[in-house]
Every structure is written in structure tokens, then in C-alpha cells.
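Structure assessment
For reference, the chains in residue letters:
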Amino acid sequence: MKYGYCTEFLLQLQKSKTDTENFSVEDLIEFFKSVGGDSIVAFKTGTVVKVHVHTLTPGKILNHCQQFGEFLSVKVENMTLQHNEVIGKKEVIKPVKKKKYAVVAVANGEGLIKTFRDLGADEVIDGGQGHNPSTEDFINSFDKINAENVFVLPNNSNIIMAAEQAANIYDKSKVYVIGTKNIGDGYSAMASADYLSDDPETIKNLLEEGLASSVTGMVTRAVRNACINDVKIKEGAYIGFKNKVMLCSDDDKTKTALSLLDKLGGKDKDFLVVFFGKNVTEEEKADFEEMLEESFPDLEYYGIDGGQDAYDYITVLR
């Protein structure tokens, strides 16, 4: 092991583990240096720390950092192996070797697409409003990534059937469709992913356990007057729902989001991720965060500019 491992991760600091406001990135960098780390880049944005470090012992780095919070994403690459492959390619042209595992996800919005790539998705299919990916779209993605085993996250209940049809047709890889019905399901599944096992069924089970550990709510505008699940709705007002179950409605999108979190049991959860839609203003984000702190002071929070079309807020509670 000459070149070591390129280790990158996003660390969500947690109040229960450290002083998030006064957390010292400089101390973290000094620790990395003390265990032989180099090419170090580390900075803190809010309560999230982003790290890039080259090290011979990534386990020491990850174990040390986990005492301050939990990982949102982790990526470890063997640079010695990559170097040897590059040298080998100069000597002789070899067939492209298939990857052991790969992930195909569906998402809409620049921020959401980037998030899934950061979490390790090899291919992200654009599933914007009015564009449900076809069976052919999935098959083209499978061809691009060239993997032995492909895990598919449809992230929309309307897309699962197309993904399953593609899985049944495709014969160049073993394809596993994970039943993610929304973006929150997909995010939770990928945040729990562990590809160290040699058994793809084990990895599939881990992905399914990840999505089962979270609850997702969404906020959007109502297109008509209605009364659903005893919730009175006015056309143009905002509605909050889980899957297809209507839970709340209000003329104010931020109040709708906070009410939705309460309905979803936010006070009994530990961690919240919110994907802001493209129509949510900076002022509305600030109002949401202020109201969240007042209503759910013990809830660890991470906000992401998802940029999605249809939903102003996608909330993921774990």
C-alpha cells in the first residue's frame, strides 16, 4: 500500500456528541496529520463538516470523527489500485472490468441529483415533473455503468413498475429494485448503504432496512378545493402529506411544513433532513429554521437546496 486511500465524507455534527457551534476543524486537521494524513481539506458549513484526506488508515479517521456525529456520506477509494490500473493500461489494453456493485437512482432538481451522486449513486436519471423514466431509460443507465449487480432506487411509486420491467428484461447484470416510493426513502436507503459484503442480497436488505427506518413528508400546493382525511383544503393553499395520506393544510407553506413534522412525530425523532424546492426563498428558509428551533429544539437538522419542481419541502425524519 504505497499511495493509501482517498477518503471523503460529510459529517453531521450532533449536539448530543459535541459542541456543534464551537467545534474546531483545526483540531480535526491536526489529528489527521498526527496519523499520517495528507492532502487534507476540511471545512465546516453550519453543523456539517466536509473532509478530504489521503491516509493509509481510513478506519482511524472515520472512527475518530464518528465520536462527534454521524456520516451523511462516505467515499473511500484505493489510490494504489487506481495507480496500478493506470500503469497497466499504458502497458496493455485490457477489457473494461465490470464493477461489483452500482446504484441507479431517480431524482429531480440540481441539488437532489448532486446529493444522490455524493451519496454514491453511479447514475442519476432525471425524473422531473411530467417525465417518468421509461423502461428504456433504466436499461440505458444499466449499460452505462457496466456492473455485476445494480441496485435501483426509483424514488417514486409511479416509477417502480418501469424499473421492475427493466430489471426483468436486462440480462447483462443482476438488477435489484428497491421499493423506494419517494426521495426520502431513497435518501435514507443510500445513507445506510454498505457495499463491503460479497453477498448482494445482504446489501439489498441493508438498503431496504435504511428506508424502513425513516418517514418522509412532502409539502406542495393544492390544485382544487377538497376535504381529504378530515383535512379541509382550499385551492391554492399548501398541503402536507405522507405517501398518499393527507395530514395538514395552511395558506403558509412554512407553517404547513412545521405542522407536517408534528403530525409525523418529529418530537420523537433524532434527525431531520429537509430538501427545499426551487420556489422556496432564502427568507422562507430562514423562517423555517427559526420556527424549527423553537418547535423542535432537540431535533438535529440538515437543510439541502434540492431544487425540485413539485414539492416546496421534502422532509425526512429518522
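Above this text is the structure in question.
Residues numbered from 1 in each chain as written. Predicted model: local features only at pLDDT ≥ 70, side-chain atom pairs only at ≥ 80, totals over all residues. Heavy atoms only, no water.

**Considering the packing of aromatic side chains**
For the structure on display, the rule yields 14 aromatic pairs. Between Y101 and F151, the aromatic rings sit 5.9 Å apart at their centres with planes inclined by 40°, giving tilted as the arrangement. One end of the pair, Y101, is in strand β5 (residues 99-107); the other, F151, is in strand β7 (residues 147-153), and 50 residues separate them in sequence. Here Y187 and F275 contribute two aromatic rings whose centre-to-centre distance is 5.5 Å and whose plane-to-plane angle is 75°, an arrangement assigned as edge-to-face. With Y187 in helix α7 (residues 183-191) and F275 in strand β14 (residues 271-276), the pair connects residues that are 88 residues apart, well separated along the chain. According to the relative accessible area criterion, F275 is buried, its value standing at 0%. Among the aromatic residues, those joined into a cluster by ring pairs are Y101, F151, Y176 and Y195. Stacked on the ring of Y176, the Lys or Arg K174 has its end atom at 5.7 Å from the ring centre. Geometry around F296 places K267 over its ring, the cationic atom sitting 4.6 Å from the centre. (Phe/Tyr/Trp six-rings, centres within 6.5 Å; stacked < 30°, edge-to-face > 60°. Helix = DSSP H or I, 4+ residues; strand = E, 2+ residues; numbered from the N terminus. Buried < 20%, exposed > 50% of the residue type's maximum accessible area, 1.4 Å probe, protein only. Lys NZ or Arg CZ within 6 Å of the ring centre and 35° of its normal.)

**Regarding the pairing of strand β1 (residues 5-13)**
Burial within β1 is extensive, with 7 of its 9 residues counted as buried. Across 8 bridges, β1 lies against strand β3 (residues 48-55) in antiparallel orientation. Bridge assignment links F9 to a residue of β3, and that residue is V51. Where β1 and strand β4 (residues 69-78) come together, 9 bridges link them in antiparallel fashion. Bridged to C6 within β4 is E77. (Pairing = 2+ DSSP bridges.)

**Observations regarding the environment of E289**
On the secondary structure map, E289 appears in helix α10 (residues 282-295). Judged by relative accessible area, which is 37%, E289 ranks as partly exposed. Distance in space between the C-alpha atoms of E289 and L258 is 9.9 Å, their sequence separation being 31 residues.

**Structural notes on unusual backbone geometry**
Here the phi dihedral of S39 falls at roughly 50°; this positive angle occurs in a residue that is not glycine. Structurally, S39 is set in strand β2 (residues 38-45). Here the phi dihedral of N146 falls at roughly 50°; this positive angle occurs in a residue that is not glycine. As for its position among the elements, N146 is in the loop between α5 (135-145) and β7. For N146, a relative accessible area of 25% puts it in the partly exposed group.

**A word on the pattern of salt bridges**
Per the stated rule, a full pass over the model turns up 17 salt bridges. One salt bridge in this structure joins K253 and E284, with 3.3 Å as the shortest N-O distance. Placement of K253 in helix α9 (residues 253-263) and of E284 in helix α10 is noted, with a sequence separation of 31 residues between them. Residues joined by salt bridges that share partners form a network here, namely K253, E284 and D312. (Salt bridge = Lys/Arg side-chain N within 4 Å of Asp/Glu carboxyl O.)

**With respect to the environment of A167**
Its location among the elements puts A167 in helix α6 (residues 160-169). We classify A167 as buried; its relative accessible area is 16%. Residues A167 and I139 lie 28 residues apart in sequence; the distance between their C-alpha atoms is 8.0 Å. Excluding anything up to four places from it in sequence, A167 contacts F142, V175 and V177. (Contact = heavy atoms within 4.5 Å.)

**Some details on the nonpolar core**
One finds F116, V273, F275 and Y302 to be the most contacted residues of the largest nonpolar core, which totals 37 residues. With sequence-adjacent residues up to four places away left out, F275 is seen in contact with L112, T115, I183, Y187, I304, G306, Q308, D312, Y313, I314 and V316. Membership of the second largest hydrophobic core comes to 21 residues, among which are A257, L272, F288 and F296. (Core = buried A, V, L, I, M, F, W, Y, C linked by side-chain atoms within 4.5 Å.)

**With respect to the packing of helix α1 (residues 25-34) against helix α2 (residues 58-66)**
The geometry of α1 relative to α2 is characterised by a closest axis approach of 10 Å and an angle of 155° between their N-to-C directions. Between α1 and α2, the interaxial angle falls into the category roughly antiparallel. For the element pair α1 and α2, the recorded crossing hand is right-handed. Between α1 and α2, the contacting residues are L28, F31 and F32 on the first element and K60, I61, H64 and C65 on the second. (Axes fitted to C-alpha atoms, helices over the stretch in contact; angles between N-to-C directions. Parallel < 35°, antiparallel > 145°, perpendicular 65-115°, else oblique. Left-handed = near helix turned anticlockwise from the far one by under 90°.)

**Topic: the sheet that holds β2**
If you walk across this open sheet you meet the 4 strands as β2-β3-β1-β4, and the pairing is antiparallel. Among the strands making up the open sheet, the edge pair consists of β2 and β4. Here the average twist between neighbouring strands, direction ignored, is 10°. Strands in contact with α2 are β1, β3 and β4; relative to β4, the strand with the most contacts, it is inclined by about 170°.

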